[in-house]
Amino acid sequence: MEIQREFDLMIVPTKGEIDVSLLSKKNLCLSVVKPNIKDETSSQELNTILTQYLETLSQRKQYHIGYPINMSYEHHAVLAPFLQFSLNNCGDPFTHSPVDFHSKDFEVVVLDWFAQLWKIEKDEYWGYITNGGTEGNLHGILVGRELLPSGIIYASKDSHYSIFKAARIYRMEIEIINTLANGEIDYANLRSKLLLNKNKPAIVNINIGTTFKGAIDDLDLVIQTLDNCGYSNDRYYIHCDAALCGLIVPFIKHAKIITFKKPIGSITISGHKFLGCPMPCGIQITRKSHISSLSKIEYIASADTTISCSRNGLIPIFLWYSLSMKGYAGLQQDSKICIENARYLKDQLLKAGISAMLNEFSIIVVFERPCDHKFIRRWQLCYLSNMAHVVVMPGITREVIDSFYKDLMQERKKWYQDGTTIPPCLAKDLGSQNCLCSYQKMHY
Ligand SMILES: Cc1ncc(COP(=O)(O)O)c(C=O)c1O
């Protein structure tokens with residue numbers, strides 16, 4: 001079975017066509033033999049390099065629509081002074097640090113906010129700020145394994161590669177479950193695999209927004225499937241990978257709620273995705289009772305509950321600042337706008353006869369893969385098989401969408417004008433109902 005691998009998605013050969021790198025790598029080279037001369041000329045050179053790089057990044061921001069990163073924030077003016085200090089939230093956030101250079105008070109307040117969002121009492125949860133969704137997933141699966149040592153991981157094939165990585169690192173058995181055309185886990189396939197392995201406990205990964213199609217698995221249906229297959233509460237552990245949509249779903253009316261009131265073990269999100277943070281980060285929340293077996297380390301006066309030891313102490317301050325500034329209302333507004341803008345883009349594409357799909361409550365518009373690398377690179381698009389996607393994050397305004405759409409329409413005319421190349425068929429990737437290609441029209 002083919003597993004979606006983000007590694008493949010990330011590699012877009014540039015062949016040097018894009019003139020975005022105003023920098024020459026040669027200018028950046030550091031020498032170990034020559035002393036670093038701190039005279040005025042060399043510091044001017046450094047400033048020029050940095051200014052050029054800053055300009056490049058600022059220009060390219062308008063074309064960053066293929067990956068789920070929110071770069072629409074104004075933290076830097078207020079928070080830059082904290083860069084003077086090396087803040088390290090070493091180890092467990094709830095144990096006191098023997099030094100002052102940490103931000104654990106901010107971290108715990110941020111964690112409390114998420115615990116409240118996901119409806120778990122302060123004294124019943126444990127969590128920490130991770131280096132990203134991947135670390136959260138590794139932690140979630142680790143906690144599941146601690147509780148159910150002989151458990152098998154169940155994950156849909158559209159799950160993020162960090163889940164498969166967890167299985168490899170922890171040397172755990174994994175069952176890969178098929179997905180429906182929209183990317184959701186195939187509940188019937190899950191059921192048959194659960195029944196096949198009834199003698200072993202289940203550690204189930206649920207996607208609250210898959211990486212490529214933004215599909216949200218039905219948590220209630222998965223719990224029901226586990227119950228129907230005869231798995232009692234103490235024989236399963238559910239980890240929710242909510243990397244992107246974990247901060248969208250709670251703010252949308254009618255969307256199914258992810259909450260610790262249901263029998264789940266952990267929830268993970270990426271902090272740099274929907275909320276936005278200049279440093280990659282994530283939030284991992286689990287039940288306090290689940291981590292009690294983890295050991296205490298005398299050297300750092302902390303419990304060995306986190307995956308990394310040293311942790312970035314600037315991140316909790318940035319997250320705390322964003323949550324304070326935006327609040328519930330701001331996040332609700334961001335979610336609403338992004339969903340509306342995603343629907344707008346999908347409708348534009350469909351009106352133009354371009355195959356496109358958008359899951360309910362998702363901000364990821366999946367459409368035909370452009371056939372030109374220059375175009376893919378210009379818009380920093382992510383692709384897989386015959387599909388590409390745009391992630392309509394905060395900051396991706398209607399103007400940006402319109403400019404992307406206009407460019408796509410102009411380029412498409414060139415790509416397909418003489419009929420020798422035709423748009424790709426997406427029936428296999430998205431289901432025939434979502435494919436508008438001419439082959440599809442002729443054959444279905
Ligand atoms: C569903 C899902 N889970 C986990 C991750 C990994 O998150 P991070 O990049 O923060 O490690 C991603 C990243 O795109 C994702 O889409």
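This report concerns the structure included in the present document. Starting from 1, residues in each chain are numbered consecutively following that chain's sequence as written. For a predicted model such as this one, the threshold for reporting local features is a pLDDT of at least 70, and the threshold for listing and counting side-chain atom pairs is 80 or more; totals across whole chains, interfaces and linings nevertheless cover every residue.

1. Overview of the overall build of the protein chain
Short version of the rule: Each helix is a run of DSSP H or I of at least 4 residues and each strand a run of E of at least 2, with the numbering of both proceeding from the N terminus. Burial is judged by counting the other C-beta atoms within 10 Å of a residue's own C-beta: 20 or more makes it buried, 12 or fewer makes it exposed, and any count in between marks it as partly exposed, with every C-beta position built from the backbone.
Regarding its fold elements, the protein chain presents 14 helices and 13 strands. Taken across its 444 residues, the protein chain has 42% of its residues classed as buried.

2. Some thoughts on the sheet that holds strand 3 (residues 174-177)
Quick reminder of the rule: Whether two strands pair depends on DSSP finding at least two bridges between them. Angles here are taken between N-to-C directions and fall from 0 to 180 degrees, while the axes themselves are lines fitted to C-alpha atoms, restricted in helices to the stretch in contact.
If you walk across this open sheet you meet the seven strands as 1-7-6-5-4-2-3, and the pairing is mixed. The outermost strands of the open sheet, each flanked by one partner alone, are strand 1 (125-130) and strand 3. Neighbour-to-neighbour, the strand axes of this sheet turn through a mean angle of 15 degrees, independent of strand direction. In this structure, strand 2 (residues 152-156) lies alongside strand 3, joined through four bridges in parallel fashion. Of the residues in strand 3, the one forming a bridge with Ile153 is Ile174.

3. Section: the environment of Asn359
What counts, and what does not: Two residues qualify as a contact pair if the distance between their C-beta atoms, derived from the backbone, is within 7 Å.
For Asn359, the position within the fold is in the loop between strand 10 (356-357) and strand 11 (364-368). Accessibility expressed as a C-beta count within 10 Å gives 20 for Asn359, which makes it buried. In this structure the C-alpha to C-alpha distance between Asn359 and Gly209, which are 150 residues apart in sequence, comes to 9.2 Å. If near-sequence neighbours (up to four positions away) are discounted, Asn359 is found in contact with Asn182, Gly183, Lys213, Gly214, Ala215 and Ile216.

4. Focus: the pairing of strand 1
With six of its six residues buried, strand 1 lies for the most part within the structure. Inspection of the sheet shows strand 1 paired to strand 7 (residues 282-287) by six bridges, in the antiparallel sense. When the sheet's bridge partners are listed, Trp126 is paired in strand 7 with Thr286.

5. Overview of the site of the ligand
Counted only if it meets this: Put plainly, near means the residue's C-beta atom, positioned from the backbone, lies within 6 Å of the molecule or strand in question. In this count, Pro and Cys sit with the nonpolar residues alongside Ala, Val, Leu, Ile, Met, Phe, Trp and Tyr, while Asp, Glu, Lys and Arg are called charged and the others, Gly among them, polar.
The full set close to the ligand counts 17 residues, and Gly132, Gly133, Thr134, His160 and Ser270 are the nearest of them. Here the shell around the ligand takes three residues from helix 6 (residues 133-147), the largest share from any one element. When grouped by side-chain class, the residues that make up the shell around the ligand number four nonpolar, twelve polar and one charged.

6. Some words on the sheet that holds strand 10
In space, the four strands of this open sheet follow the order 10-11-13-12, with antiparallel pairing throughout. Each of the sheet's edge strands pairs with one partner strand only, and the pair in question is strand 10 and strand 12 (382-384). Bridge count for strand 10 against strand 11 is two bridges, and the pairing is antiparallel. Bridging from a neighbouring strand, Met357 pairs with Val366 of strand 11. Here helix 10 (residues 314-351) sits on the sheet and contacts strand 10, strand 11 and strand 13 (387-391); the angle it forms with strand 11, its principal contact strand, is near 15 degrees.

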